[in-house]
Amino acid sequence: MFQRHSKGRLANAEPFDQVMEENDLLAKNLEFLVDNARRIVEDPRLYHCRLHFGFLSLPRLGSWQIPLGRLVSSWQQGGLMAGCPRCGGRACVVGASGLLGAFRWWGVCPECRAVVRGRGRGPSLLWQLIEARIRSGASAGPLPGLTVSQALFRLAYTP
Ligand SMILES: [Zn+2]
């Protein structure tokens, strides 16, 4: 799941605990984020909140970030869901990597309150991610998005 150098090191030198903290915050606050989907979509800094694992990676085509606002908006409408391998419920997909015939997805499960991973086949979920990427409005500008913890703070403590 991590992007690696050829020697197997983490590419972006992102502190590992920062990534783990982000996953944990996302899993524990998923319901809160979905409840606030409208506010996230309407606030550009919340919308463009960047998730380390919010991306779609297709072999030879590249890797594209998908902002929090687009993910939350899809989840609220029942999209970007996959069966949770832990509890059998519906997990919210954050990203995927692979080909139509066989890909890996990862996300957060509202029941397990944890990061979960699974394997998928067929175009449905990948296409939803491609559509999410196309509709994400990433060309809107270089406005820096907030981190997940900053976004949660803003949602919780500002009117
Ligand atoms: Zn689950």
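See the structure shown above.
Everything in this summary refers to the structure shown in the same document. Just so you know, these numbers come straight off a predicted model, no measurement behind them. Throughout, residues of each chain are indexed from 1 in the direction in which the sequence is written. Local features in this predicted model are restricted to residues whose pLDDT is 70 or higher, and side-chain atom pairs enter the listing and the counts only when it is 80 or higher, whereas totals over whole chains, interfaces and linings include all residues.

1. Digging into the overall build of the protein
Thinking step 1. When its secondary structure is counted, the protein shows seven helices and six strands.
Thinking step 2. The buried share among the 159 residues of the protein stands at 31%.
Thinking step 3. Two residues qualify as a contact pair if the distance between their C-beta atoms, derived from the backbone, is within 7 Å. Sequence-distant contacts, at least 24 apart, represent 54% of the contacts inside the protein between residues at least 6 apart. Helix numbers and strand numbers start at the N terminus; a helix is a DSSP run of H or I with at least 4 residues, a strand a run of E with at least 2. To sort residues by burial, count the other C-beta atoms lying within 10 Å of each one's C-beta; a count of 20 or more means buried, 12 or fewer means exposed, and anything in between means partly exposed. C-beta atoms are built from the backbone.

2. A short note on the nonpolar core
Thinking step 1. In this structure, L68, L71, A91, C92, V93, A96 and V108 are the most contacted members of the largest nonpolar core, which totals 36 residues.
Thinking step 2. Secondary-structure elements contributing two or more residues to this core are α2 (30-35), α4 (44-47), β1 (55-58), α5 (68-76), β4 (90-98), β5 (103-109), α6 (123-134) and α7 (148-157).
Thinking step 3. For this core, the element with the most residues is β4, which contributes five residues.
Thinking step 4. Leave out the neighbours within four places in its chain, and V93 touches L80, M81, A82, W105, G107 and L125. By our criterion, buried Ala, Val, Leu, Ile, Met, Phe, Trp, Tyr and Cys residues that link up through C-beta atoms within 7 Å make up a nonpolar core.

3. Some points on α7
Every α-helical turn comprises 3.6 residues, leaving residues that sit three or four positions apart pointing alike.
Thinking step 1. Within α7 the residues assigned to the buried category are V148, A151 and L152. End-on, the buried residues of α7 take up no more than an arc of 100°, which puts them together on one face. Facing away from the buried side of α7 by more than 90 degrees, the exposed set consists of F153 and Y157.
Thinking step 2. Buried residues along α7 sit against α1 (16-28), α4 and α5. In this description, one arc is meant: the one made by directions from the helix axis to the C-beta atoms.

4. Observations regarding the environment of K28
Thinking step 1. Looking at where K28 falls in the secondary structure, it is placed in helix α1.
Thinking step 2. The partly exposed category is assigned to K28, around which 13 C-beta atoms lie within 10 Å.
Thinking step 3. Sequence-wise, K28 and R113 are 85 residues apart; in three dimensions their C-alpha atoms are separated by 5.5 Å.

5. Details of unusual backbone geometry
Glycine aside, residues mostly have negative phi angles, and peptide bonds mostly take the trans form.
Thinking step 1. In the Ramachandran plot, L80 falls in the positive-phi region, its phi being about 55° despite a non-glycine side chain.
Thinking step 2. Topologically, L80 is positioned in the loop between α5 and β3 (81-83).
Thinking step 3. Residue L80 is classed as buried on the basis of its 25 C-beta neighbours within 10 Å.
Thinking step 4. Even without being a glycine, R113 presents a positive backbone phi close to 50°.
Thinking step 5. Locating R113 in the fold gives a position in the loop between β5 and β6 (114-120).

6. Re the packing of α1 against α7
Describing two packed helices takes the angle between their axes plus the distance from one axis to the other.
Thinking step 1. Helix axes are fitted only over the stretch in contact, all axes being lines through C-alpha atoms; the angle between N-to-C directions runs from 0 to 180 degrees. Orientation of α1 relative to α7, taken along the N-to-C sense of each, is 35°, at an axis distance of 9 Å. Only V148, S149 and L152 of α7 make contact with α1, whose side of the interface consists of E22, L25 and L26.
Thinking step 2. Its residues assigned to classes, the contact of α1 with α7 comprises four nonpolar, one polar and one charged. In this count, Pro and Cys sit with the nonpolar residues alongside Ala, Val, Leu, Ile, Met, Phe, Trp and Tyr, while Asp, Glu, Lys and Arg are called charged and the others, Gly among them, polar.

7. A closer look at the pairing of β1
Thinking step 1. Should DSSP find at least two bridges between two strands, the strands are taken to pair. Relative to strand β2 (residues 62-65), β1 is paired through four bridges, and the arrangement is antiparallel. For S57, the partnering residue across the bridge sits in β2 and is S63.
Thinking step 2. Alignment of β1 against β4, held across two bridges, turns out to be parallel. Bridge assignment links L56 to a residue of β4, and that residue is A96.

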